[in-house]
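# Geometric and topological summary
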Amino acid sequence: MQIEKKDIRALTKDQLRDFFVSNGDKAFRGNQVYEWLWSKGAHKFDDMTNVAKPTRQMLEENFVINHIKVDQMQRSEDGTVKNAVRLHDGLVVESVLIPTDTRTTACVSSQVGCSLDCNFCATARLKRMRNLGPDEIYDQVVAIDNESKLYHNRPLSNIVFMGMGEPLMNYNNVLKAIEMITSTEGLGMSPKRIMVSTSGVPKMIKKLADDEVKFKLAVSLHSAIDEIRARIMPFSKNFPLADLREALEYWYRKTKSKVSYEYVVWKDINDNKASIDALVKFCKYVPCKVNLIEYNPIDDGEFQQASDESINAYIKALEASGIVVKVRRSRGKDIDAACGQLANKEA
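A brief look at the structure comes next. Just so you know, these numbers come straight off a predicted model, no measurement behind them.

### Some words on the packing of helix 6 (residues 202-210) against helix 8 (residues 241-255)
For the pair helix 6 and helix 8, the least separation of the axes is 9 Å and the interaxial angle reads 5 degrees. The angle between helix 6 and helix 8 falls in the class roughly parallel. Along the contact surface, helix 6 presents Pro202, Ile205, Lys206, Leu208, Ala209 and Asp210, while helix 8 presents Asp243, Leu244, Glu246, Ala247, Leu248, Tyr250, Trp251, Lys254 and Thr255. Tallied by class, the residues present in the contact of helix 6 with helix 8 amount to 9 nonpolar, 1 polar and 5 charged.

### Some thoughts on the sheet that holds strand 5 (residues 92-99)
Picture the strands of a sheet paired through backbone hydrogen bonds; they go either parallel or antiparallel. On the basis of which strands lie adjacent, the open sheet formed by 10 strands has the order 3-4-5-6-9-10-11-12-13-14 and mixed pairing. At either margin of the open sheet sits one strand with a lone partner, and together these are strand 3 (69-75) and strand 14 (324-328). Strand-to-strand twist across the sheet, computed as the mean angle between neighbouring axes with direction ignored, equals 20 degrees. As judged from the 4 bridges shared by strand 11 (residues 216-220) and strand 12 (residues 259-264), these two strands associate in the parallel manner. Each residue of the ladder has a partner; that of Ser220, found in strand 12, is Glu262. Packed on one face of the sheet, helix 5 (residues 171-182) meets strand 9 (158-161) and strand 10 (194-198) and runs near 170 degrees to strand 10. Running at roughly 170 degrees to strand 11, helix 8 makes contact with strand 11 and strand 12 of the sheet.

Analysis parameters
Residues numbered from 1 in each chain as written. Predicted model: local features only at pLDDT ≥ 70, side-chain atom pairs only at ≥ 80, totals over all residues. Heavy atoms only, no water. Axes fitted to C-alpha atoms, helices over the stretch in contact; angles between N-to-C directions. Helix = DSSP H or I, 4+ residues; strand = E, 2+ residues; numbered from the N terminus. Parallel < 35°, antiparallel > 145°, perpendicular 65-115°, else oblique. Contact = heavy atoms within 4.5 Å. Nonpolar A, V, L, I, M, F, W, Y, C, P; charged D, E, K, R; others polar. Pairing = 2+ DSSP bridges.

Structure below.
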């Protein structure tokens, strides 16, 4: 019977060192291999050129490197790049490189499909097939970092967890991935350049605060009125705004880190004065900023982009209350790479 080989990147550095010692080798060999796996991004054991061939063969006999493969890459007219990323078991997720004049941002996925059921989002229609491992999240970032260097002559500057999936429903793996991304033994990125976006799971937001994370938090809000929010995001019936507010107040008390609210304005859904007033009130609970996001249709008519007048009414009301607000124009719409459009159409 063939024994299934373990993914070597599931081992810590200490476990790798122990493996070599128990196989009659020196502990430092574990450090070498760990460096190849993470900071050097080796795809195969044979890439490890300073490791003796018999040692590489021993690794081959005991382990696999379940590396992702960029199956298909599409480039938008505006420079956005979308990757269809094939995982070791054949499933596919998508990640996006978003360039501007001053930065390049990686938008990465944390689940195959999504645990939640937001009605306006193409990814939610896929349903969750499984969580991504820390290595699979990390590999997406490495692939986009390489594309940023290739197409824009500069390394990746920011990461947002706004791709497929609800990051806080894959809590441990997302935090482990961020640990490696920010580690000097990984990519060495500052946690301040990483933003994790959640649809708003109060218990997990509090856990983030308790774990003293250093990255930024964004919440997909879309309405500060429970009934409207439940229409847009049915799962939110289980997480009323009062609970979300309490969790965000707890987050700010513990971290002193501002919250970003992601907010799409839709015609005949939340483009009214009551919705604007409710958002202004909600924004006063914790220091925050609001990103008003251009909506990207996903083939049906229920959700339609609100008029410029409605967007301007939001901007005016928020600014009058001293709340920082930005309008985020979508990038990569022509390749279905914009917010809410990631759905593996090519898979």
